[in-house]
Amino acid sequence: MKPFQATSGDLTADRRADFAEMLYASGEPAAAAELLLGALELAPQWAAGWFRLGEMHEAAADLAQAAQAWTMALTLEPTDRLGAALKLQLIGKAPSATAPPSAFVEMLFDHYAESFEESLVDKLGYRLPDFLDQAVRRARPGRFRLVLDLGCGTGLMGQRLRPVADRLEGYDISAAMLKKARAKGVYDLLAKADLQDFSYAGPKADLVVAADVFIYVGALDRVISRIAGLLAGDGLFAFSVETLVGEGGFALQPSRRYAHSHAYVGQALAANGFSVLSMDPTVIRLDRSQPVEGLAVVAALPANT
């Protein structure tokens with residue numbers, strides 16, 4: 001993807017930035033960074049340029065300079081649509097956060113919406129909606145009165161849920177993703193919402209789904225508690241996570257996505273009254289031709305909740 005605000009607003013600076021990208025593509029990140037810094041002297045308020053400078057310094061193994069560039073990007077663009085704070089966290093220059101900036105997630109998917117399905121399904125072998133749909137059907141064959149698809153994206157999961165849902169509602173942080181989902185015509189309601197601060201006043205759902213969503217959440221306790229409040233007694237919750245390799249509950253990965261451990265997921269569910277019906281290993285997608293391991297989970301609340 002190209003970064004948002006891909007132009008500095010200064011033609012000369014943009015030309016220097018283009019030359020820097022050519023150097024970077026040819027395997028000369030240090031020289032590219034030097035040239036881009038010259039462009040930023042002409043356009044010092046260009047947040048996306050500072051962010052890109054940090055990436056070039058990182059590729060040149062100059063993490064001190066990378067940290068300075070990302071800090072400047074964050075200063076210029078404090079809502080952090082670029083995710084500079086996450087980059088600083090990954091190199092140990094910022095405290096660990098339990099979630100990414102909402103503005104970063106929103107911008108990421110607004111920018112990605114147009115090519116989302118082609119990239120994810122056709123190129124990266126994304127088959128999670130099929131896998132999660134099968135897990136739900138095994139856990140509880142039949143229909144659901146109300147299904148909430150959280151982080152619905154372009155509606156890939158909704159297309160699987162439509163045949164078993166009397167009413168299907170989708171929520172997503174990205175307006176561009178919702179536009180793509182709306183074109184599919186499978187939802188009874190679509191609305192813009194941030195899962196980190198999700199507010200819902202409708203009837204209790206029989207099934208809540210969050211497919212490939214928690215990779216942009218981090219700490220799960222609060223969001224799982226909120227989802228428990230959305231469900232009717234005996235309601236199902238189906239979701240996925242990327243699997244954390246090593247110790248710990250969850251951790252930010254170099255991809256700027258979060259991974260979660262099997263034990264942590266089970267503990268977060270149990271603490272909020274859920275029993276696990278299935279927790280199956282699966283391949284979420286490919287990343288740089290390597291499989292991304294994950295878990296497809298179906299859990300249930302007790303009938304008297």
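To be clear, the structure that these remarks concern was listed above.
In what follows, the accompanying structure is described. (Residues numbered from 1 in each chain as written. Predicted model: local features only at pLDDT ≥ 70, side-chain atom pairs only at ≥ 80, totals over all residues. Heavy atoms only, no water.)

**Re the packing of aromatic side chains**
For step 1, the next point in the chain: The full count for this structure, using the stated rule, is 13 aromatic pairs.
For step 2, the next point in the chain: For the pair Phe 109 and Tyr 216, a centre-to-centre distance of 5.3 Å together with 90 degrees between the ring planes defines the contact as edge-to-face. Of this pair, Phe 109 sits in helix α6 (residues 102-112) while Tyr 216 sits in the loop between β4 (205-210) and α11 (221-230); the two residues are 107 residues apart in sequence, bridging distant segments of the chain. Side by side, Phe 109 and Tyr 216 carry an identical accessibility label, which is buried.
For step 3, the next point in the chain: With 5.3 Å between their ring centres and 50 degrees between their planes, Phe 214 and Phe 239 make a pair best called tilted. Of the two residues, Phe 214 sits in the loop between β4 and α11 while Phe 239 sits in strand β5 (residues 231-243), which places them 25 residues apart along the sequence. Neither residue differs from the other here; Phe 214 and Phe 239 are each classed as buried. (Phe/Tyr/Trp six-rings, centres within 6.5 Å; stacked < 30°, edge-to-face > 60°. Helix = DSSP H or I, 4+ residues; strand = E, 2+ residues; numbered from the N terminus. Buried < 20%, exposed > 50% of the residue type's maximum accessible area, 1.4 Å probe, protein only.)

**Concerning the side chain of Arg 52**
For step 1, the next point in the chain: Take Arg 52: it is sitting in helix α3 (residues 47-59).
For step 2, the next point in the chain: For Arg 52, the side chain forms a polar contact with the side chain of Glu 21, separated by 2.8 Å. (Polar contact = N/O pair within 3.5 Å; in protein donor to acceptor, adjacent residues only side chain to side chain.)

**Overview of the packing of helix α1 (residues 11-25) against α3**
For step 1, the next point in the chain: Put simply, α1 and α3 touch, their axes get as near as 12 Å, and they point 25 degrees apart. Judged by the angle between their axes, α1 and α3 are roughly parallel. Between α1 and α3 lies a crossing whose hand is left-handed. Together, Ala 20, Glu 21 and Tyr 24 of α1 and Arg 52, Glu 55, Met 56 and Ala 59 of α3 make up the contact between the two elements.
For step 2, the next point in the chain: Taken together, the residues of the contact of α1 with α3 sort by class into 4 nonpolar, no polar and 3 charged. (Axes fitted to C-alpha atoms, helices over the stretch in contact; angles between N-to-C directions. Parallel < 35°, antiparallel > 145°, perpendicular 65-115°, else oblique. Left-handed = near helix turned anticlockwise from the far one by under 90°. Contact = heavy atoms within 4.5 Å. Nonpolar A, V, L, I, M, F, W, Y, C, P; charged D, E, K, R; others polar.)

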